[in-house]
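# Topology and contacts: notes
Letter by letter, the chains look like this.
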Amino acid sequence: MEIRYILEQVNERLLRRLVKENEWPSAHPDGGLLDIEDIARHITSHTAIERVWRSLTTEEKEVLLHFLFRVGTDMMTYRQMEEHAKIDSQLAIYSGLTGLRQRGLIYTLRRLWGELAYYLPNDVQTAYRSWLLPRFMREHPIPACEVACDWDTSSTPLARVVFRLLQMHRYQPIGLTKKGTITMKTRRVWQNVVPYPQEMFLPLMPDAAGEQEAREQFLLELLLTLGMLRKHSSDEGMQYVVDEERTTEVFRGDEAEVQRRLYLQVKEMVGRLHPCYSVIFDWMEAAGGQTFSLHALREAECTLLGSVVSFTENEHWQAFVKEVAPILSLFGFTIRKGEEEAAVFSWDVALFASEQEEGEAVWEGTGYVQPTFEILLLPHAPYDVRWQLGRYATLEEQQEVWRFQLTKTSVQACEMESEQERGRLLRILERIQPDVPANVREQTYQWMSGDVPLTFMRVTILRCPDVETADWLAGEPDLTGGLRERLNNYDFLIDESSKEKLQQVLAGRGLRISESNGAKLKMKEVPQLESAEASLVSVESGYKVESVFPLLTDVLPELKEVPAIWHKNFQRYHHSTLRKLMSTARDLGISVSAEIDGKLVEPIRIVDIKNEEGRYRLTLSSHGDKQNVDLEEIGRVKLKFPLLPGRD
């Protein structure tokens, strides 16, 4: 969930107070309405982050760091927060949490039956880490890593594998079984094309079983989430077909640019396996162009958090080393020396260079057109060239130089609907090599001028009652396979063969299709169509954002019972009052300032209070040092409340 979807659920009264308290952009230029998009951009901007970070209290920073590096993309339940507070200090943890809630960074989610959870929106935490980590790495550079063995550069870039798979299925859709898995025939073909070992994908696809192997499932999910494949209903049953428009968009620019787009999607997929995997990715990216080990990055994280973390808190690092890091090298995102804990990594130099402003792809001089109808593309040829050429030619080889072959079959596989379309192949060849051999020009034109196959298809028009319903329908992955084409704001073409199945799916979603001159989609009264993100919060997770401005005394109501004199005055107290004051400090985790044997000591944490033969003994902790003191040795004393400027 991103901050924008959180803010959309907050009522206007609370939102306006957050805007006022935190000096967020307050009004839309055209009127007095709050612009949530503008507020979201402001919260995640580095300028605002730097200003907020400098104003955070110690307690707020500690809680924020815990959410950034130990909670990650997960939410922290009330019980988990309670246990965390008991380990440290209830006052410190809850004052930090309350402060961050008042700043509009952390939000309270409440289940319908009352259970609470605390959540730091994904895009907010990513923005904070992207601002914080480079600065921390400059101040605390990780040590240089050296390994005796050579860099392992034997990997095949994922971009090349994805290209070959999609080129292979451009005119041969991926058949699906009745269970929705790819057929055995397709699996055997993929096994010959995909160079990656099957066992590397088992940890990434824990649910893979039965008719679909982990490797095929991972690659299939990657292509589907990128939109490069989509479901399609045909006479042979359900299929996955290549989405030309989306694939052209992904295959834009050189190999490094394509690799980066694939890396970002792999990062998102792998990040679902553990809430803190995305945190490790951010650490790796912050390391930049230098060599690094995951062990060194983990040590850097411990330094940033300012405490020694236990082994159990580092289990996600151990799992990442064994299960995820090898995949990054396998796909060509990183290069590696050594194995597991001893491994040293370095990003592919060009991977993040592609993050710069993208220019128009240069086609001229990128290859050769041979009289034998072979087209050779040089290593610097953009993927735009490769994909557009692949529409008319068969990919034969993917070495340093890619080799395509023009044949009558490959050329006529395209539907040449116009003279302009027929000239497109020649224009592609001329941009690759201006002086295209005469025999290639003449022969390809004859192939393209052959009979154009025409097909009659039985289709039905599906009409929606409004644009919102049509937009929702177009965005539903379970339904788009039955929709052949969107005609306008309200109408879709659907295959007659998929009509009955589409009706069943829509009925399961609370909608029905009524028959008229054309099919018409009608909604029942009960269902309400929401955005996918809103549904995720209010339906799937069962949580809704709590719309109250938080106060520390709401979280720790015991503070209301603490006499004001205890934290405002530095003075002596009667033995019984002093014992009660110290017990309160111990129970709530409040630090104290106290005179011990006439010397001022602060801050002091009360670890324990014991009655030993009628004498009360205190176990105190100050700056990490523990000591036992009789209650009678305590002179003037004062509770130290966290600084909450401008707060109740």
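Preceding block: the structure.
Remember, predicted model here, so these are calculated numbers, not experimental data. (Residues numbered from 1 in each chain as written. Predicted model: local features only at pLDDT ≥ 70, side-chain atom pairs only at ≥ 80, totals over all residues. Heavy atoms only, no water.)

### Considering the overall build of the chain
A tally of helices and strands in the chain yields 27 helices and 23 strands. Within the span of the chain, comprising 648 residues, buried residues form 48% of the whole. (Helix = DSSP H or I, 4+ residues; strand = E, 2+ residues; numbered from the N terminus. Buried < 20%, exposed > 50% of the residue type's maximum accessible area, 1.4 Å probe, protein only.)

### Points about the sheet that holds strand β6 (residues 237-242)
Ordered by their spatial adjacency, 3 strands build an open sheet running β4-β6-β5, and the pairing between neighbours is antiparallel. Of all the strands in the sheet, the pair left with one neighbour each is β4 (174-175) and β5 (229-234). Bridge analysis of β4 against β6 gives 2 bridges, and the strand direction is antiparallel. In the sheet register, I174 faces β6, and the bridge partner there is Y240. (Pairing = 2+ DSSP bridges.)

### Looking at the layout of surface pockets
Each pocket or cavity is described by its volume, and for the second largest pocket that value is around 1,200 Å³. The wall of the second largest pocket is formed by 32 residues, among which N122, T126, K267, E268 and S278 lie closest to the centre. The set of elements that each furnish at least two residues to the lining of the second largest pocket consists of α8 (122-139), α13 (255-271), α14 (277-286) and α24 (532-540). By residue number, the principal contributor to the lining of the second largest pocket is α8, which donates 8 residues. Its residues assigned to classes, the lining of the second largest pocket comprises 10 nonpolar, 9 polar and 13 charged. (1 Å grid on protein atoms, 1.4 Å probe; cavity = no way out; pocket = protein on both sides within 12 Å on 5 of 7 lines; lining within 4 Å. Points joined across faces, edges and corners; volume = space filled by probe spheres on them. Nonpolar A, V, L, I, M, F, W, Y, C, P; charged D, E, K, R; others polar.)

### Re helix α15 (residues 294-305)
An ideal rise of 1.5 Å per residue puts 16 Å on 12 residues; α15 measures up with 17 Å between its terminal C-alpha atoms. Along α15, the residues classified as buried are L294, A296, L297, R298, A300, E301, C302 and L304. Against the buried residues of α15 lie α5 (58-71), α8, α14, α16 (315-330) and β8 (344-347). (Expected span 1.5 Å × (residues − 1). Contact = heavy atoms within 4.5 Å.)

### Brief notes about the packing of aromatic side chains
Per the stated rule, a full pass over the model turns up 23 aromatic pairs. Ring plane angle 45° and centroid distance 5.8 Å describe the contact between F69 and W283, whose orientation is recorded as tilted. With F69 in helix α5 and W283 in helix α14, the pair connects residues that are 214 residues apart, well separated along the chain. As far as the burial class goes, F69 and W283 line up, both buried. Here the aromatic rings of F201 and F218 are separated by 5.5 Å at their centres, their planes lie at 55°, and the arrangement is tilted. One end of the pair, F201, is in the loop between α10 (184-193) and α11 (214-225); the other, F218, is in helix α11, and 17 residues separate them in sequence. The burial state of F201 is the same as that of F218; both residues are buried. Across from the ring centre of F549, 3.8 Å away, lies the NZ or CZ of R17, which sits over that ring. Positioned over the ring face of W387 is R170, at 3.5 Å from the centre of the ring. (Phe/Tyr/Trp six-rings, centres within 6.5 Å; stacked < 30°, edge-to-face > 60°. Lys NZ or Arg CZ within 6 Å of the ring centre and 35° of its normal.)

### A few points about the pairing of strand β13 (residues 459-463)
Side chains T460 and L462 of β13 all project onto a buried face; the interleaved residues V459, I461 and R463 project onto a face where none is buried. Bridging between β13 and strand β15 (residues 491-495) involves 5 bridges; their strand directions are antiparallel. Its bridge partner lying in β15, T460 is registered against I494.

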